[in-house]
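Now for the letters of each chain:
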Amino acid sequence: MARRGLMLIYTGNGKGKTTASLGVTLRAIGRGMNVKYLQFIKSPERTYGEALALGKLGVKMEQLGIGFTWTKTPEEHRNALALAWEKAKLALADPGIDLLVLDELNNALAISKFPIDDVLPLAEVIDAIRNRPAHMHLVITGRDAKPELMEMADLVSSIEATKHYYDEGIGAVKGLEF
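About the cut-offs
- Residues numbered from 1 in each chain as written.
- Predicted model: local features only at pLDDT ≥ 70, side-chain atom pairs only at ≥ 80, totals over all residues.
- Heavy atoms only, no water.
- Phe/Tyr/Trp six-rings, centres within 6.5 Å; stacked < 30°, edge-to-face > 60°.
- Lys NZ or Arg CZ within 6 Å of the ring centre and 35° of its normal.
- Pairing = 2+ DSSP bridges.
- Helix = DSSP H or I, 4+ residues; strand = E, 2+ residues; numbered from the N terminus.
- Axes fitted to C-alpha atoms, helices over the stretch in contact; angles between N-to-C directions.
- Contact = heavy atoms within 4.5 Å.
- Buried < 20%, exposed > 50% of the residue type's maximum accessible area, 1.4 Å probe, protein only.
- Arc of directions from axis to C-beta.
- Expected span 1.5 Å × (residues − 1).
- Core = buried A, V, L, I, M, F, W, Y, C linked by side-chain atoms within 4.5 Å.
- Salt bridge = Lys/Arg side-chain N within 4 Å of Asp/Glu carboxyl O.

**A word on the packing of aromatic side chains**
Scanning the entire structure with this criterion turns up 1 aromatic pair. Its guanidinium or amino end placed over the ring of Y48, K42 lies 5.7 Å from that ring's centre, counting from NZ or CZ. Against the face of F178 rests R46, its NZ or CZ located 5.5 Å from the ring centre.

As structure tokens, then:
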């Protein structure tokens, strides 16, 4: 019997969604699987520890975004999302990929400060996920996962913060957040 690709979603307001996807990625690499890792919000203008580590393991993590929605104009974000979605569609159709991680896709789909439905249409996302190669495992991360995606998923983990050092005024820590 052929293996069925599973869909995993890590969502919620707590820290650890990307970290969970990295754990799955490490396991897949260890098992000789072909992994593709795309980030929808993070920008290639910054350096991220996880990208450095995966690069050492032979996996290129691609930052397709331009940062937080308040850092650039809506049109710049819309253009970046359109390009990111085109790249993600190609990956979702690639039979050579065993594990595809769409990090921060939930965040991108939840943007409400400006219209995104024409550059990142939920119906098209759902269709591409449904039509991915049957063996492909898919991990989607980010806050505010769409109910439609959670319904499709084989696993949904909601990560909630009980306590966070940000609340004590400690900012992002190199090696822990980036």
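Now that the structure is up, let's keep going.
**With respect to the sheet that holds strand β4 (residues 99-103)**
Read across the sheet, 6 strands follow the order β3-β2-β4-β5-β1-β6 without closing on themselves; strand pairing throughout is parallel. Sheet topology places β3 (61-63) and β6 (155-158) at the edges, where each strand pairs with a single neighbour. Taking each pair of neighbouring strands and ignoring which way they run, the sheet shows an average axis angle of 15 degrees. Running over the sheet, helix α2 (residues 49-56) touches β2 (35-39) and β3 and is turned about 145 degrees from β3.

**Examining α2**
Burial in α2 covers these residues: E50, A51 and L54. Taken down its axis, α2 places every buried residue within 100 degrees of arc, on the same side. Of the exposed residues in α2, those oriented more than 90 degrees away from the buried face are L52 and K56. Lining the buried residues of α2 we find α1 (17-30), β2 and β3. One or two positions beyond α2, positive phi appears at G58, with a value near 90 degrees.

**Description of α1**
For α1, which comprises 14 residues, the first-to-last C-alpha distance of 20 Å matches the rise-based estimate of 20 Å (1.5 Å per residue) to within 8%. Residues of α1 that are buried include every one of K17, T18, S21, L22, V24, T25, A28 and I29, and no others. Buried positions in α1, seen along its axis, are confined to an arc of 160 degrees and lie on one side of it. Opposite the buried face of α1, at more than 90 degrees from it, the exposed residues are T19, R27 and G30.

**Some points on the nonpolar core**
By size, the foremost hydrophobic cluster in this structure holds 33 residues, and its most contacted members are F40, L92, L100, L102 and L120. For this core, the elements supplying multiple residues, two or more each, are β1 (7-11), α3 (74-92), β4, α4 (105-109), α5 (122-130) and β5 (137-141). With 6 residues, the top contributor of residues to this core is α3. With residues up to four places along the chain from it excluded, the contact list for L92 reads W85, L100, L102, A128, I129, R132, P133, M136 and L138. One finds L54, V59, M61 and L99 within the second-largest nonpolar core, a separate group that totals 16 residues.

**Quick look at the pattern of salt bridges**
Throughout the structure, instances matching the rule amount to 11 salt bridges. Two residues, K42 and D103, come together in a salt bridge whose shortest N-O distance is 3.9 Å. Of this pair, K42 sits in the loop between β2 and α2 while D103 sits in strand β4, and the two are 61 residues apart along the sequence. Its relative accessible area of 0% is what places D103 among the buried residues. A salt bridge links E104 to K42, with the nearest nitrogen and oxygen atoms 3.3 Å apart. You can see E104 sitting in the loop between β4 and α4 and its partner K42 sitting in the loop between β2 and α2, a full 62 residues away along the chain. The network of salt bridges with shared partners includes K42, E50, D103 and E104.

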